[in-house]
Amino acid sequence: MSITQKLKELGIELPGFNPPAANYSPAIRTGDFIFTAGQTPKQGGKLIMTGKVGVEVSEEQAYEAVKTCALNCLTIVDYYAGGLDNVADIVKLTVFLNTEPDFADHAKIGNGASDLFVSVFGAHGCAARSAVGVASLPGNAPCEIELVVRLKDASVPPKG
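None of the values given here were measured: they were computed from a predicted structure.

Draft legend 1. Structural view of the pattern of salt bridges. Enumeration according to the criterion identifies 5 salt bridges in this entry. Among the salt bridges present, the one from E64 reaches K67, with a minimum N-O distance of 3.8 Å. Within this pair, E64 and its partner K67 are both found in helix α2 (residues 59-81), separated by 3 residues, close to a single helical turn.

Draft legend 2. Summary view of the packing of helix α1 (residues 3-10) against helix α3 (residues 106-121). Their axes nearest at 9 Å, the elements α1 and α3 cross at an angle of 120°. In terms of axis orientation, α1 runs oblique to α3. For the pair α1 and α3, contact is made by I3, K6, L7 and L10 and by S119, V120 and F121, respectively. Among the residues making up the contact of α1 with α3, the classes are represented as 5 nonpolar, 1 polar and 1 charged.

Draft legend 3. Spotlight on the nonpolar core. With 38 residues, the main nonpolar core has F117 and I145 as its most contacted residues. Of all the elements in the fold, those that place two or more residues in this core are α1, α2, β5 (87-98), α3 and β7 (143-151). Leave out the neighbours within four places in its chain, and F117 touches A70, L74, I90, L93, G122, G125, I145 and L147.

Draft legend 4. Highlighting α3. Spanning 16 residues, α3 covers 23 Å between terminal C-alpha atoms, matching the ideal 22 Å at 1.5 Å per step. At G112, α3 shows its largest kink, close to 40°. Within the span of α3, buried status applies to H106, I109, G110, G112, A113, S114, L116, F117, V120 and F121. Considering only its buried residues, α3 is in contact with α1, α2, β5, β6 (128-134) and β7.

Draft legend 5. Structural context of the packing of aromatic side chains. A full pass over the atoms with the stated rule returns 3 aromatic pairs. Note on Y79 and Y80: the rings are 5.2 Å apart at their centroids and 80° apart in plane angle, and the pair reads as edge-to-face.

Draft legend 6. Here's a closer look at empty space enclosed by the protein. All chains considered together, the criterion is met by 1 cavity of 30 Å³ or more. By volume, the largest cavity is sized at about 40 Å³. Taken together, G16, F17, N18, Q39, N72, T75 and I76 make up the full set of residues lining the largest cavity. Partitioning the lining of the largest cavity into residue classes produces 2 nonpolar, 5 polar and no charged.

Draft legend 7. Structural context of the packing of α2 against α3. Two numbers describe how α2 lies on α3: the axes approach to 7 Å, and their chain directions differ by 45°. By the angle between their directions, the pair α2 and α3 is classed as oblique. Crossing handedness for the pair α2 and α3: right-handed. Along the contact surface, α2 presents E59, A62, Y63, V66, K67, A70, L71 and L74, while α3 presents K108, I109, G110, N111, G112, A113, D115, L116, F117 and F121. A breakdown of the residues in the contact of α2 with α3 according to their chemical character gives 11 nonpolar, 3 polar and 4 charged.

Parameters at a glance
- Residues numbered from 1 in each chain as written.
- Predicted model: local features only at pLDDT ≥ 70, side-chain atom pairs only at ≥ 80, totals over all residues.
- Heavy atoms only, no water.
- Salt bridge = Lys/Arg side-chain N within 4 Å of Asp/Glu carboxyl O.
- Helix = DSSP H or I, 4+ residues; strand = E, 2+ residues; numbered from the N terminus.
- Axes fitted to C-alpha atoms, helices over the stretch in contact; angles between N-to-C directions.
- Parallel < 35°, antiparallel > 145°, perpendicular 65-115°, else oblique.
- Contact = heavy atoms within 4.5 Å.
- Nonpolar A, V, L, I, M, F, W, Y, C, P; charged D, E, K, R; others polar.
- Core = buried A, V, L, I, M, F, W, Y, C linked by side-chain atoms within 4.5 Å.
- Buried < 20%, exposed > 50% of the residue type's maximum accessible area, 1.4 Å probe, protein only.
- Expected span 1.5 Å × (residues − 1).
- Bend = angle between axes of the 7 residues up to and from the residue.
- Phe/Tyr/Trp six-rings, centres within 6.5 Å; stacked < 30°, edge-to-face > 60°.
- 1 Å grid on protein atoms, 1.4 Å probe; cavity = no way out; pocket = protein on both sides within 12 Å on 5 of 7 lines; lining within 4 Å.
- Points joined across faces, edges and corners; volume = space filled by probe spheres on them.
- Left-handed = near helix turned anticlockwise from the far one by under 90°.

So this is what it looks like as structure tokens:
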């Protein structure tokens, strides 16, 4: 089954691009790899929630926000890979959470992205992962993620 078909089966629609918030590229494609810039939980270019996880943002809300970040990353990867069917593996996932110093459930919230990637890509979506707490994130976002993906075929051009 193609990834496009899998997304339809799961009822997942990729969101549109969110414009970069500063002077950077949404991703860099080099050789067989795509490195995304960090993606916050935005829709239509606007944060869907703000605040610290465990304070203003519940763990359940943060899990869903991380999932939104993951969908934003997939939108970028879809473009740069020439389609998600050209993704061989989600190699590395980094999850940043805006938390108080004593917060300890980073891994559980990071599963918002990991669970999504595994549901879409199967075993190829199970990445090496880091989930860390930070003092703040841009715009007071509760979370931000970045991805490294490996392509099946580096000769497939980006969409466009």
